[in-house]
Amino acid sequence: MKNLLPLRFIDTHCHLDGEEFDADRDEVVGRAREAGCAAICLPAIDAKSCRSVLDTCSRYPGYCYPMLGLHPEEVRQDWREQLSDIKQIISLTSHLSSLTSHLSPLTSPQPLTSPASPLLAIGEVGLDFYWSREFADEQLLAFEEQVRWSVEMQLPLMIHCRKAQNELVAILDRYADDLPGGVFHCFTGNEQEARQLLRFPRFVLGIGGVLTFKKSHLPEVLPATVPLDRIVLETDAPYMAPVPMRGQRNESAFVRHVVSRLAEAYGVGEEEVCRQTTLTAQRVFDIRV
Ligand SMILES: [Zn+2]
């Protein structure tokens, strides 16, 4: 890894609360800081993980930032209960500074800890018809409900979408004028798909390890269709480690490899990639880091 320049970037999507990091989370965060990672955004996937995301963020105040929501692959028969739990956690989180732990939700095994970092977004939410359409109708309803939260609370969306872009865009179109913005995370599509998503003016694409894969078409698709200021960096750690770490557990420090490849693809310096993607992340999430 090149470590000559003092780069500064934001990892906008990292499951740092996952058990894959239980043994060495402090070291992972230490390496992220050393590599120039200025902040890490943590998406939840269900009600239980909302608690672990908040807990992890409270351990790294001002560095790790929570995003709360129900992931499409976690949508099952109990999706309504999950959403009502998550909604309760979100409203408690928003008001928590003035509350004490005895007001934690009944479903919570532990009191919620006060997040020193503000809630950044609703996420990750979306549609995933890749493995199965078993809960497709429920996914559509759960996603639309969370899109309404985004509008009501004016919190951006962290969106996961696989094999469902047309359905996803149809829902977003209904709220297009009122949406505060967000990220289409782990974008891997073609030029037409990129254009379809960029029609939403306050939304950007999340780019991570896939960009570095040998067969990826992103190094051609992105510069041809996506202005550099419509991209944010991400890991999706522990998944999607970039080349040359492919197959290993991913972590925020590895974003450096994505920065290199993006700089090459756009024909700009690594500093410029970091500068623009950091400004974009700050704009979308309204954070100052
Ligand atoms: Zn994710």
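Nothing here was measured: the structure is a model prediction, and the numbers come from that model. (Residues numbered from 1 in each chain as written. Predicted model: local features only at pLDDT ≥ 70, side-chain atom pairs only at ≥ 80, totals over all residues. Heavy atoms only, no water.)

Asker: Outline the coordination of the zinc ion, listing residues and values.
Answerer: Of the protein atoms, only His13 (NE2), His15 (NE2), Glu124 (OE) and Asp236 (OD) coordinate the zinc ion, at distances of 2.1 to 2.6 Å. Each of the four donor atoms around the zinc ion contributes to a set of angles spanning 87 to 177°, which defines the coordination as irregular. In primary sequence terms, the donor set of the zinc ion follows H-x1-H-x108-E-x111-D. Of the two residues, His15 is situated in the loop between strand E1 (9-11) and helix H1 (25-35) and Glu124 in strand E4 (residues 121-128); the sequence distance between them amounts to 109 residues. Just as His15 is buried, Glu124 falls in that class too. (Donors = N, O, S within 2.8 Å, 3.2 Å for Na, K, Ca; no water. Tetrahedral: all angles 85-135°; square planar, octahedral: opposite > 155°, others 65-115°. Helix = DSSP H or I, 4+ residues; strand = E, 2+ residues; numbered from the N terminus. Buried < 20%, exposed > 50% of the residue type's maximum accessible area, 1.4 Å probe, protein only.)

Asker: Report on the nonpolar core, specifying residues and quantitative values.
Answerer: Core analysis: the biggest nonpolar cluster contains 81 residues, and Leu172, Leu205 and Leu222 have the highest contact counts within it. Tallying contributions element by element places helix H8 (residues 255-266) first for this core, with six residues. Not counting the four nearest positions on each side in its chain, Leu222 is found in contact with Phe187, Leu205, Ile207, Leu211, Ile231, Leu262 and Tyr266. Counting 15 residues, the second largest nonpolar core, distinct from the first, contains Met67, Ala281, Val284 and Phe285. (Core = buried A, V, L, I, M, F, W, Y, C linked by side-chain atoms within 4.5 Å. Contact = heavy atoms within 4.5 Å.)

Asker: Tell me about the pairing of strand E5 (residues 157-162), and name the residues and values.
Answerer: Examined bridge by bridge, E4 and E5 share six bridges and lie parallel to one another. What sits directly across from Leu127, in E5, is Cys161. Running through helix H4 (residues 136-153), the crossover from E4 to the neighbouring parallel element E5 is right-handed. Bridge count for E5 against strand E6 (residues 182-184) is three bridges, and the pairing is parallel. Each bridged residue has a counterpart across the sheet, and for Leu157 the counterpart in E6 is Gly182. Of the crossover connections in this fold, the one passing from E5 over helix H5 (residues 165-175) to the parallel E6 is right-handed. (Pairing = 2+ DSSP bridges. Right-handed = clockwise from strand over helix to strand, strands pointing away.)

Asker: Please give an account of the pairing of strand E7 (residues 203-207) that cites residues and values.
Answerer: Most of E7 sits out of view: five of its five residues are buried. Sheet topology note: the E6/E7 ladder contains three bridges and is parallel. Residue pairing across strands places Gly182 opposite Phe203, the latter belonging to E7. Note that the unit made of E6, helix H6 (residues 191-198) and E7 has a crossover that is right-handed. Taken together, the three bridges between E7 and strand E8 (residues 231-233) define a ladder with parallel strand orientation. Bridging from a neighbouring strand, Gly206 pairs with Val232 of E8. Read from E7 through helix H7 (residues 218-225) to E8, the crossover connection turns out right-handed.

Asker: Describe the packing of helix H2 (residues 47-59) against helix H3 (residues 79-95), and please don't skip the residues or the numbers.
Answerer: Two elements in contact, H2 and H3, have axes separated by 8 Å at closest approach and are oriented at 25°. With respect to H3, the element H2 is oriented roughly parallel. Together, Ala47, Cys50, Arg51 and Leu54 of H2 and Gln82, Asp85, Ile86, Ile89 and Thr93 of H3 make up the contact between the two elements. In the contact of H2 with H3, the residues fall into five nonpolar, two polar and two charged. (Axes fitted to C-alpha atoms, helices over the stretch in contact; angles between N-to-C directions. Parallel < 35°, antiparallel > 145°, perpendicular 65-115°, else oblique. Nonpolar A, V, L, I, M, F, W, Y, C, P; charged D, E, K, R; others polar.)

Asker: Can you lay out empty space enclosed by the protein for me, pointing to particular residues and giving the numbers?
Answerer: Scanning all chains against the criterion turns up two cavities of 30 Å³ or more. Here the largest cavity is characterised by a volume of approximately 60 Å³. If you go around the largest cavity, you meet 14 residues; those closest to its centre are Cys186, Ile207, Gly208, Gly209 and Val210. The residue makeup of the lining of the largest cavity, split by class, is seven nonpolar, five polar and two charged. (1 Å grid on protein atoms, 1.4 Å probe; cavity = no way out; pocket = protein on both sides within 12 Å on 5 of 7 lines; lining within 4 Å. Points joined across faces, edges and corners; volume = space filled by probe spheres on them.)

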